[in-house]
Amino acid sequence: MSILLKDIAKATGFSINTVSRAMRSDPKISEQTTLLIKKTAQEMGYIPNTVAASMRSNSSKMVGIISADSANPFFSEVVRGIEEAATKAEYHILLASTEESVKKEADLIKMFLCRKVDGIISMPVFDNSPSHLELYRKLPVPFVFPGRRLEGLVDHSVLHSDRDGQRKVLEHLISKGHTKILYLAGPKKVSNTIDRLAGVAEAYANNGMEVNPEYILEASGHIEDGYSLTNQALNRGLGFTAVACFNDMLAMGVLKSLGENNLKVPDDIEVFGYDNLYMSQFMQPSLSTVDVPKYRLGYVAMETLLSHIQDPNLEYATTDFPTRLVFRETTR
């Protein structure tokens, strides 16, 4: 049975109005009375009605977080940054994942709005349909996209130089003499995939080379894709000497496939990941990759959102963090 304010009033001998004001730390209620009422409420197991409180104050102190892929630890590292910034500001987060589904993304937005969140941090599917874009444009609360973008709404994004990061990987491999580089791309419904493919094309163009579509394979971004696609490429006899991956998860699968096919890394084939997940340094061999400031990405996204919650008239502006190459044992 839930404890109500009238129950606390009966237990303490104060009026319901006094109890209500004390629970809100009204300065007009004496400190002694406030402490007594709050102590009694805690002992009785009182749980505040946060929805009612948010309606009174027009602020729930809650933010909805829409992550993308629960199987990818990249997003958990971003969320950790979001959560720490939220805690510092005395905000709570509601977290859910779309698993890259546009429908689920729309449903989560509606659900968070029903929960009266003060803002939304979303890692959106790269759908860009009029209905999808309109869903965000009509949001009655501020919103920020950490690590991703949507057409026409890029000023809401906190990015990490995807095109530049992937270009640097390919240019490094080309400078080492590689001309047959297998590239495992991410899914087309992710903006990072589009931007990193642009980086691949730019690297080839800068070196007077053309992209061979046979060496570009689309993946969902999971370990098993890296494993199966590498096996397929080997079976087709592509003869590649290096593999660049959309993320570190794919690279893990690549390493397993190459090992099972008696190909030594990096002597026979060099491998490059992307994201610099915590586990990448512990792979055997340890993975060369592109460092993305994941924690910082989430922390700044939350700070940005809070700024817009506090000032709804504040203009949005794109943030774009630089990336850097991290060389480990999978490259020479």
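Attention in this report is confined to the structure presented alongside it. (Residues numbered from 1 in each chain as written. Predicted model: local features only at pLDDT ≥ 70, side-chain atom pairs only at ≥ 80, totals over all residues. Heavy atoms only, no water.)

1. What about the overall build of the protein chain?
Convention followed: Secondary structure elements are taken from DSSP: a helix is a run of H or I of four residues or more, a strand is a run of E of two residues or more, and numbering for both begins at the N terminus. Computation of the radius of gyration draws on C-alpha atoms, with the globule rule given as 2.2 Å multiplied by the number of residues to the power 0.38. Here's how the labels work: a residue is buried when its accessible area is under 20% of the maximum for its type, exposed when over 50%, partly exposed in between, all with a 1.4 Å probe on protein chains only. Only heavy atoms enter the contact rule, under which two residues are in contact if any of them lie within 4.5 Å. Values of accessible area rely on a 1.4 Å probe in the Shrake-Rupley scheme; residue burial ignores everything except the protein chains shown. Positive charges come from Lys and Arg alone, negative charges from Asp and Glu alone, with His and the N- and C-terminal ends not counted. The atom standing in for a charge is NZ when the residue is Lys, CZ when it is Arg, CG when it is Asp and CD when it is Glu.
The secondary structure content of the protein chain amounts to twelve helices and twelve strands. Against the compact-globule benchmark of 20 Å for 332 residues, the protein chain has a radius of gyration of 25 Å, which places it well outside the compact range. Over its C-alpha atoms, taken along the principal directions, the protein chain stretches across nearly 85 × 40 × 30 Å. For the protein chain, with 332 residues in total, the buried portion stands at 51%. Within the protein chain, contacts between residues at least 6 apart in sequence are counted, and of these 71% link residues at least 24 apart. About 16100 Å² of surface is accessible on the protein chain, with carbon and sulfur atoms providing 53% of the total. In the protein chain, the 36 positive side-chain charges and the 40 negative ones have mean positions that sit 6 Å from each other.

2. Examining the sheet that holds strand E7 (residues 216-218)
Sheet strands pair by backbone hydrogen bonding; their relative direction is either parallel or antiparallel. How we decide: By this definition, two strands are paired if DSSP reports at least two bridges between them. For every element, the axis is a line fit to its C-alpha atoms; helices are fit only across the contacting stretch, and the angle between N-to-C directions ranges from 0 to 180 degrees.
The strand order across the open sheet formed by four strands is E7-E6-E8-E9, and the pairing between neighbours is parallel. On the outer flanks of this sheet lie E7 and strand E9 (270-272), each paired with one strand and no other. Averaged over neighbouring strand pairs, the angle between their axes works out to 15 degrees when direction is ignored. Bridge count between strand E6 (residues 181-185) and strand E8 (residues 242-245): four bridges; the pairing is parallel. Within E8, the residue paired with Leu 182 across the bridge is Val 243. The strands touched by helix H8 (residues 162-175) within the sheet are E6, E8 and E9, with E8 carrying the most contacts at an inclination of about 175 degrees. Each of E6 and E7 is contacted by helix H10 (residues 223-235), which is oriented at about 145 degrees to E6, the strand it contacts most.

3. Quick notes on the environment of Met 252
Looking at where Met 252 falls in the secondary structure, it is placed in helix H11 (residues 248-260). A residue is classified by how much of its surface remains accessible, and Met 252, at 25% relative accessible area, is partly exposed. Sequence-wise, Met 252 and Tyr 46 are 206 residues apart; in three dimensions their C-alpha atoms are separated by 49 Å.

4. Some remarks on the sheet that holds strand E3 (residues 119-122)
Spatially, six strands are ordered E2-E1-E3-E4-E5-E11 in an open sheet, and the strand pairing comes out parallel. With partners counted over all chains shown, the strands left at the sheet margins are strand E2 (92-97) and strand E11 (319-320), one partner each. Note that E3 and strand E4 (residues 143-146) share two bridges and pair parallel. Bridge assignment links Ile 120 to a residue of E4, and that residue is Phe 143. Along the sheet, helix H5 (residues 73-88) makes contact with strand E1 (62-67), E2, E3 and E4, crossing E2 at roughly 160 degrees.

5. Brief notes about the pairing of E1
Condition: The handedness of a crossover follows from its direction of travel: if, with the strands pointing away from the viewer, the path from the first strand over the helix to the second runs clockwise, the crossover is right-handed.
In terms of burial, E1 is largely enclosed, as six of its six residues are buried. Side chains of E1 alternate between two faces, with Met 62, Gly 64 and Ile 66 and Val 63, Ile 65 and Ser 67 buried alike. Both E1 and E2 contribute to a ladder of six bridges, which runs parallel. Residue pairing for E2: Ile 66 is matched across the bridge by Ala 96. Considered for its hand, the β-α-β crossover made up of E1, H5 and E2 is right-handed. Taken together, the four bridges between E1 and E3 define a ladder with parallel strand orientation. Residue pairing in the sheet places Ile 66 in a bridge with Ser 122 of E3.

6. Details of the nonpolar core
Just so we agree on the cut-off: Put simply, a nonpolar core is a bunch of buried Ala, Val, Leu, Ile, Met, Phe, Trp, Tyr and Cys residues held in one set by side-chain atoms that sit within 4.5 Å of each other.
If you look at the biggest cluster of nonpolar residues, it comprises 66 residues, and the most contacted ones within it are Leu 184, Phe 240, Val 271 and Met 302. Considering every element that reaches this core, the biggest residue donor is helix H12 (residues 294-310), with eight residues. With residues up to four places along the chain from it excluded, the contact list for Phe 240 reads Lys 180, Leu 182, Tyr 215, Thr 230, Ala 233, Leu 234, Leu 258 and Ile 269. Counting residues in each nonpolar core, the second largest holds 18 residues, with Met 62, Leu 108, Phe 143 and Leu 153 among its members.

7. Some remarks on the pattern of salt bridges
Selection criterion: Salt bridges are defined by distance alone: a side-chain nitrogen of Lys or Arg within 4 Å of a carboxyl oxygen of Asp or Glu.
Per the stated rule, a full pass over the model turns up 19 salt bridges. For Asp 107, the salt bridge goes to Lys 103, with nearest N and O atoms at 2.9 Å. On the criterion of helical spacing, the pair formed by Asp 107 and Lys 103 is a turn pair, its members being four residues apart in helix H6 (residues 102-114). Using a relative accessible area of 60% as the deciding quantity, one classes Lys 103 as exposed. With a shortest N-O distance of 2.8 Å, Glu 202 and Arg 163 are connected by a salt bridge. Note that Glu 202 is positioned in helix H9 (residues 191-206) and Arg 163 in helix H8, a separation of 39 residues in sequence.

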